[in-house]
Amino acid sequence: MPIKVLFFASLRERIGQSQRLLESDMPLTLQEVWQRSSGESHLPGNVLMSINQTYANASSLVQPGDEVAFFPPVTGG
Amino acid sequence: MPIKVLFFASLRERIGQSQRLLESDMPLTLQEVWQRSSGESHLPGNVLMSINQTYANASSLVQPGDEVAFFPPVTGG
Amino acid sequence: MQYVEVREAPFDPWQYLAEWQSQHPLDARSGATAVFVGTMRDFNEGDDVTGMYLEHYPGMTERQLETLVAASVQEWSLDAALVVHRVGEIAPAQPIVLVAVWSAHRAEAFDACRHLMETLKHTAPFWKRETLTDGSVRWVDKNTPG
Amino acid sequence: MQYVEVREAPFDPWQYLAEWQSQHPLDARSGATAVFVGTMRDFNEGDDVTGMYLEHYPGMTERQLETLVAASVQEWSLDAALVVHRVGEIAPAQPIVLVAVWSAHRAEAFDACRHLMETLKHTAPFWKRETLTDGSVRWVDKNTPG
């Protein structure tokens, strides 16, 4: 089961993709998922992230099959 | 011109009148108006009062022709 | 824009706001609207309440509400403020008071709406007389803390 | 009672509340209703704004809003809470967000409404992209302080 990685808003535009599937048969940290999916080694401090639509942090563990997202600070309301 | 004195709510019921006219040809303090119109010598500390529909205090001066009111703490809203 | 109404007739606050705003369209400066509606509860201080009569001081009530609204508009640079308050006989679940303010930013809207409501409760000359289930009546002698 | 809606279609918040409350009648426990409406302004950070697009994270948005609403209902013992939020293309003066809470007392209603609005702004996955008068677009990179 691949990890589904989503990017939103200005981060989606900067990374140049909205979604990609990452093959892994073992757990990865969100930091590792970022590096493998974004093509950027540095995870900016203001990037927010979620696992299965719940907020998480860079050291949180991602399982194969999970849905992960990276996005900039939110500006709704 | 008489001074028009109004009483409201529980104070109106206690004093037993809603309105009276007080004859005076010179200024009186609200304290004096209370004593002459309510029949009570003591002005309770929680009684609110107004002159011409604006809040005032016991030492404020009332002119002949003014409209004065005494009422309990307000409970609207 | 400032508006105060003291009325005997019941009203639906949302219909009231929909109509008022369609008659007084605000420009796109006003990013934030804060509203409070106070409704008659069927309980107070531990007792069941079946009815309420709201006495007021005609003339001073309107003056005082207009003074409070004008002060809020000035202090928070509001684009508009509205207060509607019932008097007379009120039944449980009926709205008693509607306070609405329009502002460019949300902090000002929240602060102004709450402050306007608190000053109204502490200074506008209204008095509540409650009827309890046994038919007895009592004057409410103080407001609940804000 | 808790209700969350994320919608593309414009709405009138007062008509929405009138309809919602007629479909979900509250008992006479709820003495206090506090409401906030956020509307698209035609200016931001000194520039004139002619249009806005609201991107969101379908699925997580609804989950996050439901989590925030449930936490507020519990923390302030609310009788009901409602959040409606637009997504997609938004024109100036159109409502973006509606937050409404019903409570026995006004302090809880004011506190809950404001807190719900602040947590929504800081955690619900929405992103605003503004179009300026010269046709250029920009992502809003931070919210105005609350």
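Residues numbered from 1 in each chain as written. Chains lettered and ligands numbered in written order. Predicted model: local features only at pLDDT ≥ 70, side-chain atom pairs only at ≥ 80, totals over all residues. Heavy atoms only, no water.

Under an unreviewed UniProt entry, the name given to chain C is Molybdopterin synthase catalytic subunit, and the source organism is Thiothrix caldifontis. In its Pathway (unreviewed entry) section, the UniProt record describing chain C reads: "Cofactor biosynthesis; molybdopterin biosynthesis." Among the UniProt annotations of chain C, the heading Sequence similarities (unreviewed entry) holds the following wording: "Belongs to the MoaE family." (UniProt positions renumbered as here; feature names shortened; annotations may be inferred.)

The name given to chain A in an unreviewed UniProt entry is Molybdopterin synthase sulfur carrier subunit, and the organism recorded there is Thiothrix caldifontis. You can read under Sequence similarities (unreviewed entry) in the UniProt record for chain A the words "Belongs to the MoaD family."

Peer 1: So, the pairing of strand β7 (residues 67-71) of chain A: which residues are in play, and what are the values?
Peer 2: Residue and element names in this part refer to chain A. Among the 5 residues that make up β7, 5 are buried, leaving the element largely enclosed by the rest of the structure. Residues Glu67, Ala69 and Phe71 line one face of β7 and the alternating positions Val68 and Phe70 line the opposite face, and both faces are buried. As judged from the 4 bridges shared by strand β4 (residues 48-51) and β7, these two strands associate in the antiparallel manner. Looking across to β7, one finds that Leu48 is bridged to Phe71. (Buried < 20%, exposed > 50% of the residue type's maximum accessible area, 1.4 Å probe, protein only. Helix = DSSP H or I, 4+ residues; strand = E, 2+ residues; numbered from the N terminus. Pairing = 2+ DSSP bridges.)

Peer 1: Tell me what's going on with the sheet that holds strand β5 (residues 80-86) of chain C, and back it up with residues and numbers.
Peer 2: In a beta sheet, neighbouring strands are held together by backbone hydrogen bonds and run either parallel or antiparallel to one another. Pairing in this open sheet of 8 strands is mixed, and the strands run β1(C)-β5(C)-β7(C)-β2(C)-β2(D)-β7(D)-β5(D)-β1(D) from one edge to the other. Two strands in the sheet have a free side with no partner beyond their single neighbour: β1 (2-7) of chain C together with β1 (2-7) of chain D. The average undirected angle you get between the axes of adjacent strands in this sheet is 5 degrees. Direction of pairing for strand β2 (residues 32-39) of chain C relative to strand β7 (residues 95-103) of chain C: antiparallel, over a ladder of 8 bridges. Of the residues in β7(C), the one forming a bridge with Val37(C) is Leu98(C). Across the sheet, helix α3 (residues 106-123) of chain C lies against β2, β5 and β7 of chain C together with β2 (32-39) of chain D, angled at about 145 degrees from β7(C), the strand it touches most. (Axes fitted to C-alpha atoms, helices over the stretch in contact; angles between N-to-C directions. Contact = heavy atoms within 4.5 Å.)

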